[in-house]
Structures are given as C-alpha cells and as structure tokens.
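What follows is each chain in one-letter form.
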Amino acid sequence: MKDYKALAERYAQSLSSLYDADESKQLFLMAYSFITQRKTIDYALEKSKTVDKNVLPKFELILNDLLTGKPIQHIIGEADFFGLRFQVNEHTLIPRPETEELVDWIIRQHQHEKSLSILDIGTGSGCIAITLAQHLESARVDALDISNAAIATARQNANRLHVDVNFIEADVLEWDVFMEQSQQYDIIVSNPPYITPKEQEHMHTNVLRYEPHAALFVEEHNPLLFYATTADLAKQHLKDGGTMYFEINQYLAEQTMDLIRKKGFADIVLRKDLNAVERMIAARMDF
Ligand SMILES: C[S@@+](CC[C@H](N)C(=O)[O-])C[C@H]1O[C@@H](n2cnc3c(N)ncnc32)[C@H](O)[C@@H]1O
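Residues numbered from 1 in each chain as written. Predicted model: local features only at pLDDT ≥ 70, side-chain atom pairs only at ≥ 80, totals over all residues. Heavy atoms only, no water.

Within an unreviewed UniProt entry, the label attached to the protein reads Release factor glutamine methyltransferase, and the organism entered is Sphingobacterium paludis. In its Catalytic activity (unreviewed entry) section, UniProt records this for the protein: "L-glutaminyl-[peptide chain release factor] + S-adenosyl-L-methionine = N(5)-methyl-L-glutaminyl-[peptide chain release factor] + S-adenosyl-L-homocysteine + H(+)". As its UniProt record puts it under Sequence similarities (unreviewed entry), the protein is described as follows: "Belongs to the protein N5-glutamine methyltransferase family. PrmC subfamily." (UniProt positions renumbered as here; feature names shortened; annotations may be inferred.)

Shown next as structure tokens:
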C-alpha cells in the first residue's frame, strides 16, 4: 500500500497541467489510475508535465480518501448517469448502471409519445426524473423524496442541467394525505429502498459506510413495503393505459411480481439487466 502511494505521488509530480479541469481532480484521476490500474503509466506519462508543488497536499488528501475506500463519486462530488453529470453527496445514492437500464427501457417505450406526465418516487440525486425530462419530449415530471437534503441536491442537478422538474419533499407512505386526486400520470417510476438488513453481510463495506442507509434499507419483516405503497398510489393516480416501472431486489423478484399481480395490475413484464439479473418490472393497471 505504501509503495503504491509513493508511486502515485511520483507520477503525480509529472502530471499534465494540460487539462482545464480543477487540479485536484487531475491529481485524483492520476492516483485513481494507479490504484485501479485502469489507466496505464504510459497514459499518465503522455500527459505529463511538472505539477505545481502547492497541489501536492491536495493530492495527499485525495489519495488517502481513496485508500480508505471512499467512493470516487464522493471524492469528486459527481457521478455520470446516462451521459449526464450529477452532483452527489452523503445524502444521495450514487446512481447505478442498473438504473440507467431502467431509464433506457422507459425512454424506448415512450419516446414517440408527446406531453407525458411522470412521477418519480424516491428521486435521490434526481437522476431518473431529470434524465426522463431531458429525453422525453415535453414531459412534465414530478419527483418526490423524503429527504430534504436529497431534494436540495436534485434541484441543483436540474438547474445545472437546465431541466425542469417539480420536486416535492414528502413521505410516499403518506401519499393518500398529500396527493390530490387530480394528479394523474402516464408513468410512475420508482427505485425505492429494497435491501433487507440480512443482505448487509454480503455488501461491500464502502457502500455501508458512505451511502445513505435510508436510500438502501427496508425492514426485514416487510421488504416490499414501498412496492405495495406505490402500487396503491398508482391505482389512484395512473391514467388509463399508464405504466408503472420499478427497479427491484433480484432476490425478491417472484414475490414482487406476485404482489403487483394481486394489486390488480396486468401486462406485467420482468426484465433482466446486462448482468442477467432480474432487475426491473413494468406493469399496467387492469382497468
Ligand atoms: C434507492 S434510492 C434511489 C435514488 C435514485 N432514484 C436513484 O435511482 O439513484 C431510494 C430513495 O428513496 C428515498 N426514500 C426513502 N424512504 C422514502 C419515503 N418514505 N418517501 C419518499 N422517499 C423515500 C431515499 O431518500 C432515496 O433517495
């Protein structure tokens, strides 16, 4: 580990200042390239020039964060999602590639429809809501989350990306109190918390240490609570012919399908992600 750090420092000194980006980010990328071996030393050298000595302390900090396993996205404060760059922090889940697949599915299904109304439940960084608003022509998008801090971050992301989304701070479990009957949607989508406490032991410690637990975990005795709640909400607030989309827990795929069936939905489709894991569901109301 120590040699590794020394090696990274040595190469950081000859890091290029050709980039316009923030120096610490350059240094981070250098260090990261060594730590992950994703980029070769040749790549680093090709970009090399002498780096200002004043920057080295920053490099130390970044490198130490990396060595303790802090996610890259939290170090640079950004994550890529569907070709867009989102600000992320300790209050928001880092958007995942599986969720990009869910969004891709929705866009392909609805790209030729105009004036869609969409509700994203548990928006976090806003990645689903903002990406859909950007890709689906003239869509009107509402997005809710229980976390005030997540909503603030999502709002900043929408502003930075020049996308119009109506953010609502609310607890979805109380939807029947705050939602007006007139709010009707073509699409209701949710990537809710779905990990049971028992699954924690198989999870990477960095996820447990750095990501918001309220975004990840449900209670052991009621792991499908958010799916049942959203299905009830959708029965009242999906337009005739509207579709509900979920990201799901792969270990609870059958139970989630059963639940949605029992709630009266039809045309239920279970879809695998690129890793062949049962990861998402679409369903229509059987009116
Ligand atoms: C798995 S994260 C998904 C974040 C984002 N949509 C994504 O796909 O990256 C679940 C989100 O649900 C929110 N959440 C948890 N409990 C909630 C509740 N009762 N009502 C509304 N949102 C809730 C969390 O704050 C978190 O942002």
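Enquirer: Help me understand the environment of R140, please; the structure alone is not making it clear to me.
Expert: Residue placement: R140 occurs in strand β4 (residues 140-145). For R140, a relative accessible area of 44% translates into the label partly exposed. Spatially, the C-alpha atoms of R140 and S115 are 7.0 Å apart, while their sequence positions differ by 25 residues. Those residues in contact with R140 that lie beyond four places of it in its chain are L116, S117, I118, Q184 and Y185. (Helix = DSSP H or I, 4+ residues; strand = E, 2+ residues; numbered from the N terminus. Buried < 20%, exposed > 50% of the residue type's maximum accessible area, 1.4 Å probe, protein only. Contact = heavy atoms within 4.5 Å.)

Enquirer: Sorry if this is basic, but what is going on with the pairing of strand β2 (residues 84-87) here?
Expert: Taken together, the 4 bridges between strand β1 (residues 78-81) and β2 define a ladder with antiparallel strand orientation. Looking across to β2, one finds that F81 is bridged to L84. The loop that links β1 with its antiparallel partner β2 comprises 2 residues; one of these, F82, has a positive phi angle of about 50 degrees. (Pairing = 2+ DSSP bridges.)

Enquirer: Would you mind going over the site of the ligand with me for this structure?
Expert: Within the structure, the ligand sits among 19 residues, and G122, D145, D171, V172 and N191 are positioned closest to it. The side chain of D171 places a nitrogen or oxygen atom 2.8 Å from a nitrogen atom of the ligand. Between the ligand and N191 there is a distance of 2.8 Å, counted from an oxygen atom to a side-chain nitrogen or oxygen. Protein contacts shield 95% of the accessible area of the ligand, which totals 600 Å² for the unbound molecule. At the level of elements, α7 (127-135), β4 and α11 (213-216) are the ones that each hand at least two residues to the shell around the ligand. Class assignment for the residues of the shell around the ligand results in 12 nonpolar, 5 polar and 2 charged. (Near = heavy atom within 4 Å. Polar contact = N/O pair within 3.5 Å; in protein donor to acceptor, adjacent residues only side chain to side chain. Areas by Shrake-Rupley, 256 points an atom, 1.4 Å probe, with all protein chains shown as cover. Nonpolar A, V, L, I, M, F, W, Y, C, P; charged D, E, K, R; others polar.)

Enquirer: Looking at this structure, how should I read helix α12 (residues 225-237)?
Expert: Helical geometry: 3.6 residues make up each α-helical turn, so side chains three or four residues apart lie on a common side. In a regular helix each residue adds 1.5 Å, so 13 residues correspond to 18 Å; α12 covers 18 Å between its end C-alpha atoms and thus fits that length. F226, Y227, A228, T229, T230, A231, L233, A234 and H237 are the residues of α12 that are buried. Elements that come into contact with the buried residues of α12 comprise β3 (117-121), α9 (175-178), β6 (185-190), β7 (238-247), α13 (253-262) and β8 (265-272). (Expected span 1.5 Å × (residues − 1).)

Enquirer: I'm lost on the nonpolar core in this one. Help?
Expert: Generally speaking, nonpolar side chains in soluble globular proteins are found buried as a group. Membership of the largest hydrophobic core comes to 37 residues, with the highest contact counts inside it found for L119, I188, L233, M244, I260 and F265. Among the secondary structure elements, those contributing two or more residues to this core are β3, β6, α12, β7, α13, β8 and β9 (278-285). A per-element tally of this core places α12 first, with 6 residues. In terms of nonpolar packing, the next biggest core, distinct from the first, is built from 32 residues, V141, A154, L161 and I187 among them. (Core = buried A, V, L, I, M, F, W, Y, C linked by side-chain atoms within 4.5 Å.)

Enquirer: Quick question: what am I supposed to make of the sheet that holds β9 here?
Expert: Note on sheets: strands pair through backbone hydrogen bonds, and any given pair is parallel or antiparallel. The mixed open sheet is built from 7 strands, whose spatial order is β5-β4-β3-β6-β7-β9-β8. Taken across any chain shown, the strands that pair with only one partner, and hence form the sheet edges, are β5 (166-169) and β8. With strand direction ignored, the average angle separating the axes of adjacent strands in the sheet is 15 degrees. Pairing geometry for β3 and β4, over 5 bridges, is parallel. (Axes fitted to C-alpha atoms, helices over the stretch in contact; angles between N-to-C directions.)

Enquirer: What am I meant to see in the UniProt feature "binding site: substrate" (unreviewed entry) in the protein here?
Expert: Under the local residue numbering, the UniProt record ascribes the feature "binding site: substrate" (unreviewed entry) to N191, P192, P193 and Y194. Position of P193 relative to the elements: it lies in the loop between β6 and α10 (205-210). When neighbours within four sequence positions are excluded, P193 is seen to be in contact with A214, A215, L216, F217, V218 and F226. With respect to the helices and strands, Y194 occurs in the loop between β6 and α10. Not counting residues up to four positions away in its chain, the partners in contact with Y194 are E199, L216, V218, Y227, E247, I248, N249 and R279.

Enquirer: Is there a simple way to think about the UniProt feature "binding site: S-adenosyl-L-methionine" (unreviewed entry) in the protein in this case?
Expert: Mapped onto the present numbering, the UniProt feature "binding site: S-adenosyl-L-methionine" (unreviewed entry) falls on G122, T123, G124, S125, G126, D145 and N191. Separation in sequence by 70 residues is not matched in space for these annotated residues, since their most distant C-alpha atoms are only 11.8 Å apart. As for its position among the elements, T123 is in the loop between β3 and α7. With a relative accessible area of 4%, T123 lands in the buried category. Dropping the residues within four chain positions of it, T123 is found in contact with A129, A143, L144, D145, I151, A154 and F167.

Enquirer: Mind showing me how you'd approach the pattern of salt bridges here?
Expert: A pair can form between side chains of opposite charge whenever their charged atoms are brought close. Counted according to the given criterion, the structure contains 12 salt bridges. Note that E78 is salt-bridged to R160, the shortest N-O span being 3.7 Å. Here R160 lies in helix α8 (residues 148-160) and E78 lies in strand β1, a separation of 82 residues in the sequence. Relative accessible area serves as the criterion here: at 14%, E78 is assigned to the buried category. Via salt bridges that share partners, E78, D80, R85 and R160 belong to a single interconnected network. (Salt bridge = Lys/Arg side-chain N within 4 Å of Asp/Glu carboxyl O.)

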